[in-house]
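What follows is the residue order along each chain.
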Amino acid sequence: MRHRSRVMMLAALLSAMLMAAGCSQRQSSQALFAELGGEPGISAVVENLMYRVADDSHIVGFFANTNIDLFVASLEQQLCDISDGPCDYQGPPMDRAHQHMGLDDSHFNRLVEHLDAAMIEEGLPLRTRNRLFARLAPLHAEIMRLQ
Amino acid sequence: MRVIRSLRHILWRFVCAALLAALSLNVSAGSRLLATGGVTQIEGAAGGGLSPWAVLAGTASSGEVGLTAMGTRAWLNDYRLSVGGVGLNLHDHLELSLARQRLDLTTLGGELEQTIVGGKLRLFGDLLYHPWGIWSLGVQHKWLEDGALPRAVGATDTRGTDLYLSGSKLWFSAIAGRNLVTNLTLRHSAANQGGLLGYGGDAKDSASLLVEGSLGVFITPNWIIGAEYRQKPDNLSFAEEDDWQSLYSAYFFSKQVSLTAAWLELGSIAGLADQRGGYVSLQFAY
């Protein structure tokens, strides 16, 4: 009997979590692009991110031969596309864009931390940040494919 | 006996060194994101409270080394468990851990002490970025300091080795925009009450394949709440052994310091029913 009540407790917790997940699905009807503040919002996040990268001696070297204006425009376009905004990413595929750069998880994680900090500073709420990370997480495999 | 004492001495010095290092102001943390190393479970592996997770200790990533130190105490109706441990993360591929448990038998009188040396090898994947999450293979070798009581109640051995396969995955924005962590661990073990009552017994002498699982929701990036379940074998005829469950809340003040509080439901232990109570664990990492 006691055992059954404990199983019931866990089952109740699990179903509450699943129901909450269902609710979040319905709330997600607004496009992520709008949650990010549209093109101005994305542009502000990217600019903030670039300042953080410039200050990080561990990863700034990877941008030594990068045309920063082109890079910023391409990243903005990619974030717009990936968040269902009215853009079509025209840049190179992620594996070719990063091939043979010698990237490992520590570099990737640093960039993720900078992006999160940039989004926090630009006032984006947790759910919006998490929604964007959900879209960006699969890029890890592509970026690491040709290292 | 002298070996055990010197081992305890070494463990204590490790913990002190780690505490000092973590408390000093300019410590560097690994580059993995906050909380992605979980906390330290009661056997010293990175995980939840009761069960190991597939993640490796601390926040060390490729090319980095991390060290964790933890102190844990649980107050049950008739027992009190104290654990101290250290973990080492090498390049986020291999975790080595050392833990020391003491179970005070506050009702029955006496105490049981156990040392656990652990290793965890990351097989593949990543908690955050891989579609299948991260998967690791772990081993925990444990030995009791004084096996008289476990032998008296029917245990076959006073040392044993657990093997486990663990998978963990974080699901971004899974519940009301919050991230969900799920973990599944399969353990091959003959340990009675985690080894504190020895290994194998008169009712069943062989190892069992056991399931452990946990769920957690990150309410904020610093704060996770959730539940854990750990299946247990039932090898001793003198007393029934129940599965373990917990509800937990862990707060990460920074990559260096986390505090976990939990409510444990451990069922019957050595003939004393309804063992439940509070659990507190403090972890330092750098």
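Calculation notes
Residues numbered from 1 in each chain as written. Chains lettered and ligands numbered in written order. Predicted model: local features only at pLDDT ≥ 70, side-chain atom pairs only at ≥ 80, totals over all residues. Heavy atoms only, no water. Helix = DSSP H or I, 4+ residues; strand = E, 2+ residues; numbered from the N terminus. Buried < 20%, exposed > 50% of the residue type's maximum accessible area, 1.4 Å probe, protein only. Contact = heavy atoms within 4.5 Å. Areas by Shrake-Rupley, 256 points an atom, 1.4 Å probe, with all protein chains shown as cover. Expected span 1.5 Å × (residues − 1). Core = buried A, V, L, I, M, F, W, Y, C linked by side-chain atoms within 4.5 Å. Axes fitted to C-alpha atoms, helices over the stretch in contact; angles between N-to-C directions. Parallel < 35°, antiparallel > 145°, perpendicular 65-115°, else oblique. Left-handed = near helix turned anticlockwise from the far one by under 90°.

Going by an unreviewed UniProt entry, chain B carries the name DUF3034 family protein and comes from Franzmannia pantelleriensis.

If you check an unreviewed UniProt entry, chain A appears there as Group 1 truncated hemoglobin from Franzmannia pantelleriensis.

## A closer look at the overall build of chain B
Regarding its fold elements, chain B presents 2 helices and 14 strands. Per-residue burial over chain B gives 60% buried out of 286 residues. Once local pairs closer than 6 in sequence are excluded, the contacts in chain B between residues at least 24 apart make up 58%. Carbon together with sulfur atoms contributes 65% to the accessible area of chain B, which is approximately 10900 Å² in total.

## Topic: helix α3 (residues 38-54) of chain A
Over its 17 residues, α3(A) extends 25 Å from the first C-alpha to the last, a length consistent with the 24 Å expected when each residue adds 1.5 Å. Those residues of α3(A) that are buried are in contact with α2 (32-35), α4 (68-82) and α6 (105-121) of chain A.

## Quick notes on the nonpolar core
Ranked by internal contacts, the top residues of the largest apolar core, which has 75 residues, are L132(A), Y79(B), I224(B) and L264(B). Not counting residues up to four positions away in its chain, the partners in contact with L132(A) are L32(A), L36(A), L79(A), I82(A) and M119(A).

## Structural notes on the packing of α6(A) against helix α7 (residues 126-136) of chain A
Residues and elements named next belong to chain A. Contact geometry for α6 and α7: axes closest at 11 Å, N-to-C directions at 150 degrees. Taken together, the axis directions place α6 and α7 in an arrangement best described as roughly antiparallel. In this structure, α6 crosses over α7, and the sense of that crossing is right-handed. Mapping the contact onto sequence places V112, L115, D116, M119 and I120 in α6 and R129, L132, F133 and L136 in α7.

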